[in-house]
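Observations on chain architecture
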Amino acid sequence: MCFTGFKAQDKTELKRLAEDWGMVVRSVVASNLDFLCYGYNAGPMKMERARQQGVTILSEYQFRVMLETGEVPESSAPE
């Protein structure tokens, strides 16, 4: 799991949540990355690198729903 485009405080909370669920949190998009969770200020290079490597890209909402339900919703925001 990698987080990008978040304020430091928000990123810290998200990293803690991921680690509590047993996820390994990384700071870069690497070949062994499964998920990239993006925030409002996500860098286009990191997003594109993740797409090229087939990484699942999640909004914060999708990440939180995934933790709650075990499934990734198709929509990136609640309706």
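So, a few notes on the structure that sits alongside this text. The shown structure was predicted, so the numbers you read here are calculated from the model rather than taken from an experiment.

1. As for the packing of aromatic side chains
Tallied over the full model, the rule gives 2 aromatic pairs. Relative to Phe-6, the ring of Phe-3 has its centre 6.3 Å away and its plane inclined at 70°; by these criteria the two rings are edge-to-face. Note on accessibility: Phe-3 and Phe-6 belong to one class, buried.

2. Some thoughts on the pairing of strand 2 (residues 35-38)
Looking at chain direction, strand 1 (residues 2-4) and strand 2 are connected through 3 bridges and run parallel. Across the sheet, Phe-3 pairs through a bridge with Cys-37, a residue of strand 2. Where strand 2 and strand 3 (residues 56-59) come together, 4 bridges link them in parallel fashion. Residue pairing across strands places Cys-37 opposite Leu-58, the latter belonging to strand 3.

3. Overview of helix 3 (residues 60-69)
Taken together, the buried positions of helix 3 are occupied by Gln-62, Phe-63, Val-65, Met-66 and Leu-67. Residues of helix 3 that are buried in the fold lie against strand 1, helix 1 (8-20), strand 2 and strand 3. Gly-70 sits one or two positions beyond helix 3 and adopts a positive phi of about 85°.

4. Notes on the pattern of salt bridges
Inspection of the entire model under this criterion finds 4 salt bridges. Where Arg-64 meets Glu-13, a salt bridge forms, and the shortest distance between an N and an O atom there is 3.1 Å. With a gap of 51 residues between them, Arg-64 in helix 3 and Glu-13 in helix 1 connect regions that are remote in the sequence. With relative accessibility at 28%, the residue Arg-64 sits in the partly exposed group. Judged by relative accessible area, Glu-13 falls into the partly exposed class, the value being 33%. The salt bridge involving Arg-16 is made with Asp-20; its shortest N-O contact spans 3.0 Å.

Each value, and the rule that gives it
- Residues numbered from 1 in each chain as written.
- Predicted model: local features only at pLDDT ≥ 70, side-chain atom pairs only at ≥ 80, totals over all residues.
- Heavy atoms only, no water.
- Phe/Tyr/Trp six-rings, centres within 6.5 Å; stacked < 30°, edge-to-face > 60°.
- Buried < 20%, exposed > 50% of the residue type's maximum accessible area, 1.4 Å probe, protein only.
- Pairing = 2+ DSSP bridges.
- Helix = DSSP H or I, 4+ residues; strand = E, 2+ residues; numbered from the N terminus.
- Contact = heavy atoms within 4.5 Å.
- Salt bridge = Lys/Arg side-chain N within 4 Å of Asp/Glu carboxyl O.

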